[in-house]
Amino acid sequence: NLTNTNLEKARLNDSNLTGANLTNTNLKKARLGNVNLSKANLTGAVLTGSDLKGANLEGATGLNPSQINLAVTDKQTKLPDYLEEEMDDDFLLQM
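Residues numbered from 1 in each chain as written. Predicted model: local features only at pLDDT ≥ 70, side-chain atom pairs only at ≥ 80, totals over all residues. Heavy atoms only, no water.

Undergrad: So, the overall build of the protein: which residues are in play, and what are the values?
TA: Regarding its fold elements, the protein presents 3 helices and 0 strands. Going from the N terminus to the C terminus, the protein shows its helices and strands as α-α-α. Per-residue burial for the protein yields a buried fraction of 41% across its 95 residues. When contacts within the protein are restricted to residue pairs at least 6 apart in sequence, those whose partners lie at least 24 apart make up 2%. In the structure as shown, the protein presents an accessible area of about 5300 Å², 42% of it carried by carbon and sulfur atoms. (Helix = DSSP H or I, 4+ residues; strand = E, 2+ residues; numbered from the N terminus. Buried < 20%, exposed > 50% of the residue type's maximum accessible area, 1.4 Å probe, protein only. Contact = heavy atoms within 4.5 Å. Areas by Shrake-Rupley, 256 points an atom, 1.4 Å probe, with all protein chains shown as cover.)

In structure tokens form, the structure reads like this:
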């Protein structure tokens, strides 16, 4: 349980955080490249400037488009189905 934790600028590349509770966690500018966040709860998580390149967010809960728009993603970033449906086409074309 990492609820309300300050992980600003943390280096978590290639970590397995499957099912982690990251509610209201500060992940600003964190390095989350290739991290497995499937089924994680990211409600209220601060993702501003976070590197989510190659991250697996499939099945993650609590995410909204504004959180993803403030993070750095790429074509390998896997978003939850519900979020892909909400994201606009321009954003998805950037990936």
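Undergrad: Could you give me a rundown of the environment of isoleucine 68, with the residues and numbers involved?
TA: With respect to the helices and strands, isoleucine 68 occurs in helix α1 (residues 65–69). Measuring from C-alpha to C-alpha, the distance between isoleucine 68 and serine 50 comes to 9.2 Å, with 18 residues separating the pair along the chain.

Undergrad: Tell me about unusual backbone geometry, and name the residues and values.
TA: Here lysine 9, not a glycine, exhibits a phi torsion of approximately 65°, which is positive. Tracing the sequence through the fold places lysine 9 in the segment before α1. The phi angle at lysine 29 is positive, at roughly 60°, despite the residue not being glycine. As for its placement among the helices and strands, lysine 29 is situated in the segment before α1.

Undergrad: Help me get a handle on the side chain of serine 50, residues and values and all.
TA: By secondary structure assignment, the location of serine 50 is in the segment before α1. Within the structure, serine 50 has its side chain in polar contact with the backbone oxygen of leucine 27 (distance 2.3 Å). With near-sequence residues (within four places) excluded, serine 50 lies in contact with Leu27, Lys28, Lys29, Ala30, Leu32, Leu70, Ala71 and Val72. (Polar contact = N/O pair within 3.5 Å; in protein donor to acceptor, adjacent residues only side chain to side chain.)

Undergrad: Which residues make up the side chain of serine 38, and what values do they have?
TA: Structurally, serine 38 can be placed in the segment before α1. Judged by its relative accessible area of 12%, serine 38 falls in the buried class. With near-sequence residues (within four places) excluded, serine 38 lies in contact with Leu17, Thr18, Gly19, Asn56 and Glu58.

Undergrad: Account for the environment of asparagine 26, naming residues and giving values.
TA: Its location among the elements puts asparagine 26 in the segment before α1. Residues asparagine 26 and serine 50 lie 24 residues apart in sequence; the distance between their C-alpha atoms is 10.0 Å. Sequence-distant contacts of asparagine 26, that is, excluding residues within four places in its chain, are made with Thr5, Asn6, Leu7, Glu8 and Val46.

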